[in-house]
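What follows is the residue order along each chain.
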Amino acid sequence: QVQLVESGGGLVQAGGSLRLSCAASGRTFSSKPMGWFRQAPGKERIFVATISWNGGRTYYSDSVKGRFTISRDNAKNTVYLQMNSLKPEDTAVYYCAADPTTSFYSTLPSTYRYWGQGTQVTVSS
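Applying the stated criterion across every chain yields a total of nine aromatic pairs. Geometrically, the ring pair formed by F37 and F47 is edge-to-face, given 5.8 Å between the ring centres and 75° between the ring planes. One end of the pair, F37, is in strand β4 (residues 34-39); the other, F47, is in strand β5 (residues 46-51), with 10 residues separating them in the sequence. Residue classification places F37 among the buried positions, given a relative accessible area of 0%. Judged by its relative accessible area of 9%, F47 is buried. Their ring planes at 65° and their centres at 4.5 Å tell us that F104 and Y105 sit as a pair that is edge-to-face.

This structure, assessed with the given rule, holds one disulfide. With a sulfur-sulfur separation of 2.1 Å, C22 is cross-linked through a disulfide to C96. Disulfide C22-C96: torsion about the S-S bond near -75°, hence left-handed. With C22 in strand β3 (residues 18-25) and C96 in strand β9 (residues 92-100), this residue pair connects regions lying 74 residues apart in the sequence. Summarising the burial analysis for this pair, C22 and C96 share the class buried.

Along the polypeptide, Y114 turns up in strand β10 (residues 112-115). It is 11 Å that separates the C-alpha atoms of Y114 and V5, two residues lying 109 residues apart in sequence. Residue contacts for Y114: discarding those within four places in its chain leaves V2, L4, R27, F29, C96, A97, A98 and D99.

Parameters at a glance
Residues numbered from 1 in each chain as written. Predicted model: local features only at pLDDT ≥ 70, side-chain atom pairs only at ≥ 80, totals over all residues. Heavy atoms only, no water. Phe/Tyr/Trp six-rings, centres within 6.5 Å; stacked < 30°, edge-to-face > 60°. Helix = DSSP H or I, 4+ residues; strand = E, 2+ residues; numbered from the N terminus. Buried < 20%, exposed > 50% of the residue type's maximum accessible area, 1.4 Å probe, protein only. Disulfide = S-S within 2.5 Å. Contact = heavy atoms within 4.5 Å.

These figures come from the coordinates and say nothing about function on their own.
Set out below in structure tokens:
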């Protein structure tokens with residue numbers, strides 16, 4: 001059974017930092033792109049960042065570019081999201097996703113085959 005388990009969410013003040021982790025089990029994703037999405041209350045799930053299979057390429061939404069960094073450790077079957085200079089508008093449930101059916105640059109949630117259950121990030125002003 002394939003599982004993606006996120007951790008590292010929590011409550012932080014504006015300007016602070018958090019590091020999210022997503023550990024995969026049940027299969028290896030070392031040859032697949034992985035990504036992060038987020039969903040605020042009452043809103044659609046939107047793209048945050050994606051990383052190529054070997055970490056050589058990354059792609060970010062404009063809203064997080066320069067503040068968030070996606071990385072991965074294939075030996076640990078884990079992907080990370082370092083979030084700095086957090087803003088209240090970053091408040092959302094953050095989801096890990098793996099293995100898009102289209103390409104590394106896919107920003108559409110519907111194209112990702114595997115999902116985690118999400119971790120809550122709350123940024124207070």
